[in-house]
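Residue-level listing of the chains:
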Amino acid sequence: MYHVIRLLALLLVTCISTATATERPILTALADEGHTLADKVLIDPTIKVLDTTERVIDATRNESRKIGQEVRQRLNETQTPNLVFIVNGVKGALKDNISAFLLPLPTTPPERAAYLFTLETKVQQALQALGYYQAQIRSSLDQSSEPWQITIAVDAGEPTRYRKVSVIIDGEGQQDPVLLALQQQTPIAVGDIANHGRYEALKNQLISTGLLRGYFNGAMVSQRLAVDRANNQAELVLHYRSGKRFRFGQVNFSGSDLEPELLQSLVPFEPGSLYHNDAISQFTSDLTSVGYFNEVRVLPQPGEGSSNQVPIDVTLSKAPRHSFEVGLGYATDTEERASVTWRTPQINRFGHSQQTRLEISRINPELAHSYRIPLEHPINDQLQLGLSFGREPFGDLDSTQAQASVARQTVLTNSWTRRYFLRYLKEEWDQAGRSNQADYLLPGISFSRTHRRGPPLDPTHGFSQFYLLEFGTPLNSDGEETTRFRGQWRWVTTPWDRHRITSRVDFGINDVTDANTDQLAPSLRFFAGGDQTVRGFAYQSLAPRLDDDGSELIIGGRYMAAASIEYQYYLTDKWRIATFTDGGNAFNERDGKAIDWAYSVGVGLHWISPIGPIRADVGYGISEDDPPIRLHLTIGAEL
C-alpha cells in the first residue's frame, strides 16, 4: 500500500511539473495567464524583482520538476509511446517549437485520450509563442496499428507584427548610459514579429541589467504585450522603474590573518562609489588568483546597509601552507625533463610568498628560487628577489650560470606589465679550447602585454608583445660591455570558422664593441633554429661559426631576426592540421644582403588537449643544399 501511495504522490508531482510554464522551451505569456484564443488578448501583470520568498518558491518548484522528470524517465524506460505525430506544412523554428510543445508522448490509453483532446491547443500555443496567430490546423488520426499516428497539417499564415514598441525607463536609471543604450537600441522594433521569447528576453534583460548596476529596488511597473488578432498586429509596452542606484559600502573580511591594509588593497572599489557587479567579479577573481586562499566567498548584502549602501561580506579560508608539484615534459629542443616545485603561498601576515623549482634535464638543468613581497597590490605590484643556478648549451658552447636578481613588477592600468630589475650574472664557458669567465651587472627594464579572446589555451584572436632593454657592465677585465634589446610579437586570428592563422616575429640586437662577440657571455648572445624560431633546423644551430682546427663551432651572434606564419584548419574541435613557413638567422653583419637567411616550410598535426595544444610539426629546410627534415614536438598555447 505504501508503494501505491508513493507512486500516486509522485505522479501528482509529475502533473504539476508538466503544467509548469518554465519547463516549456519558449514561454507563451498568453497561455500562462490562462487566456483562450480571442479577437484581442491583453496581458498586463506587474512583476517585481524576486525577493527571498519567491526564490524559495522557485527552488521548491525546481525540486518538484526534478522529481517529476525522474518519475517520467523511469516510466518511459518501461513503457513505449502509444501515439506518435507528424507535423507538415512548417519547418525550422516553427516545427521545432511545435514538436517541443507536444512532448512527452502518451504511454497509456487515458494519457492518449487527454493528449488528443489538448493537441490542437498546444499547437496553437507553440505557434503563438513565435508570433503566428492566424494559423489553420488540421489533423488526421490513423488508429489501424500501434502506436497510433496523428498527422498535423499546419498553415502558419502571416505572422503578427508590432505596430508599437515602447520601452520606458524612469528613476535614476534614466540617466544611466547602459540602460539608456538598451532603451534606445532595443532589439525589438516596429515591424518585427511578435515573438514571445524575444519579448521575455528584453524584459529580463532590463531587470537583470538594473540588478547588475545596483538598482536593487528596480521593478517593472508595467509590462504589456497586446495582440489585435483582427488586424494581426501587436503592441509592446515595458515600463521599468529603477529607483535609486545603490553604492558600495564597507568590505568586511573574515577567515584571514593577513594585514588589513593588504586585504583592503585587493578591493577594486571605494566605499561610496556606484555599485556595479563587474567590480564584484573582479574582486572575486583577484582574491582567487592571489594564491593566499583556498576558498573565497564574496557576498553583497543590499538589505543590511544604511540608506542606499551595500556592505560586502568576504569569507576566506587559507590555502595550505605548503604545496608540492611534480611534472614531466618533453620538447624536441630540450628533450625530456622532470620538475619539482615547492610553493609557500603565505609566509607571514605581510603576504610574502616563495617558490623553489628544480628542473632535471640532460640539456639544461636548473635550480631557481623566487621570493615575492607585495607592495601596493599583492598581484599588480611586487618586489621580486631571485636566485638561480643552471647549465645550458648555447650552440656548441657549454655554459654554467649563477644569477641573483631584484626586480619590481607592476601591472599598469592599460594592461601593460612593467618590470625593472638589476641582476648579477656569473657565467663560465669553454670556447675553442679556452676557458672563459665573465661577471656582469645588468640593470634593465621590460614591458609586456597580451590580449586574447576565446579559450585561454586555444584563443581565437590575440596579440602578445614583449620588449626588453638591458645594459651589461662587466665586473672583470675579460667581459665585454653590451646594450641588449629584444622584441617579440605573437598574433592569432580566426577569420572564418575552423580557419586559424598564427604568426610571430622575434628580433634581437647586441650593441658590443667587439664584432666577433668572443668575450661576450653565451647567454647574452643570439641563436636561432628550433621550435620557437626556425623549424626544420636543430635547436640553436643557426648562428655565426668559428673555425676550430678544421671544425666549425656555433658560437652565436650580435643580432637575431626570425619570423613565421602558420595556417591551421580544425578537423574537429580537438584536432587540427597546419602548414607553415619559417625564416631567420642569428648573425654579426648589419648588411642584410650579407646575411645567410635560413628558410623552411612544413606541416603539422595538433591535438587540443586539456593542458594546451600538443603540436607535432615536421619542418623542411628549403634554404639548404642538403635540406634537413626535422620533427618538432611542443606543448602549450601560442600566447
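In this text, all values refer to a predicted model and were calculated from it rather than measured experimentally.

## A short note on the pairing of strand β12 (residues 323-331)
Bridging between β12 and strand β13 (residues 335-344) involves nine bridges; their strand directions are antiparallel. Within the sheet, the bridge partner assigned to Phe324 lies in β13 and is Trp342.

## Some remarks on the pattern of salt bridges
Enumeration over the complete set of coordinates arrives at 27 salt bridges. Ionic pairing is found between Asp257 and Lys318, a salt bridge with its closest N-O pair at 3.4 Å. Taken together, the positions of Asp257 in the loop between β9 (247-254) and α8 (260-264) and Lys318 in strand β11 (residues 309-318) put the pair 61 residues apart, joining distant regions of the chain. With relative accessibility at 43%, the residue Asp257 sits in the partly exposed group. What makes Lys318 partly exposed here is its relative accessible area of 43%. Glu325 serves as the salt-bridge partner of Arg343, at 3.4 Å between the closest nitrogen and oxygen. With a gap of 18 residues between them, Arg343 in strand β13 and Glu325 in strand β12 connect regions that are remote in the sequence. By relative accessible area, Arg343 is classed as partly exposed at 29%. Within this structure, Arg504, Arg535, Glu566, Asp582 and Asp617 form a network of salt bridges that share partners.

## Things to note about the side chain of Gln431
Mapped onto the fold, Gln431 is located in strand β18 (residues 417-431). Its relative accessible area of 8% is what places Gln431 among the buried residues. At 3.1 Å, the side chain of Gln431 and the side chain of Arg525 are in polar contact. Leave out the neighbours within four places in its chain, and Gln431 touches Leu397, Asn436, Asp518, Arg525, Leu546 and Ile555.

## Focus on the packing of aromatic side chains
For any pair of aromatic rings, the description rests on two quantities: the centre-to-centre distance and the angle between the ring planes. On inspection of all chains with the given rule, the structure shows 15 aromatic pairs. Ring geometry for Trp416 versus Tyr467: centroids 6.2 Å apart, planes at 35°, classification tilted. Residue Trp416 is found in the loop between β17 (397-411) and β18, and its partner Tyr467 is found in strand β20 (residues 461-474); the two are separated by 51 residues along the sequence. Given a relative accessible area of 16%, Trp416 falls into the buried group. Take Tyr467: its relative accessible area is 23%, and that puts it in the partly exposed class. Plain terms: the ring middles of Phe587 and Trp597 are 5.6 Å apart, the flat faces sit at 70° to each other, and that makes the pair edge-to-face.

## Quick look at the sheet that holds strand β10 (residues 293-300)
Taken in spatial order, the three strands make up an open sheet running β9-β11-β10, and their pairing is mixed. Strands at the two margins of the open sheet, each flanked by one partner only, are β9 and β10. Averaged over neighbouring strand pairs, the angle between their axes works out to 20° when direction is ignored. With six bridges joining them, β9 and β11 adopt parallel strand pairing.

So, how was this worked out
Starting from 1, residues in each chain are numbered consecutively following that chain's sequence as written. A pLDDT threshold of at least 70 governs which residues receive local features in this predicted model, and a stricter bar of 80 or more applies before side-chain atom pairs are shown or counted, although totals over entire chains, interfaces and linings include all residues. The basis for every side-chain value is the complete set of non-hydrogen atoms in the structure, without hydrogens or water. When DSSP locates at least two bridges between a pair of strands, those strands are taken to pair. The numbering of helices and of strands both runs from the N terminus, where a helix is a DSSP run of H or I of at least 4 residues and a strand a run of E of at least 2. When a carboxyl oxygen of Asp or Glu is within 4 Å of a side-chain nitrogen of Lys or Arg, the pair counts as a salt bridge. Here the term buried applies to any residue with accessible area under 20% of the maximum for its type, exposed to any over 50%, and partly exposed to those in between, with areas from a 1.4 Å probe on protein chains only. Any N or O atom pair separated by 3.5 Å or less is treated as a polar contact, with the protein-specific requirement of one donor-capable and one acceptor-capable atom, and with residues adjacent in sequence counted only for side-chain atom pairs. In what follows, residue pairs with any heavy atoms lying within 4.5 Å of each other are defined as contacts. Pairing of aromatic rings covers Phe, Tyr and the six-membered ring of Trp, with a centre-to-centre limit of 6.5 Å; geometry is then stacked below 30 degrees between planes, edge-to-face above 60, and tilted otherwise. Geometry is summarised by axes, namely lines fitted to C-alpha atoms with helices restricted to the contacting stretch, and by angles between N-to-C directions that run from 0 to 180 degrees.

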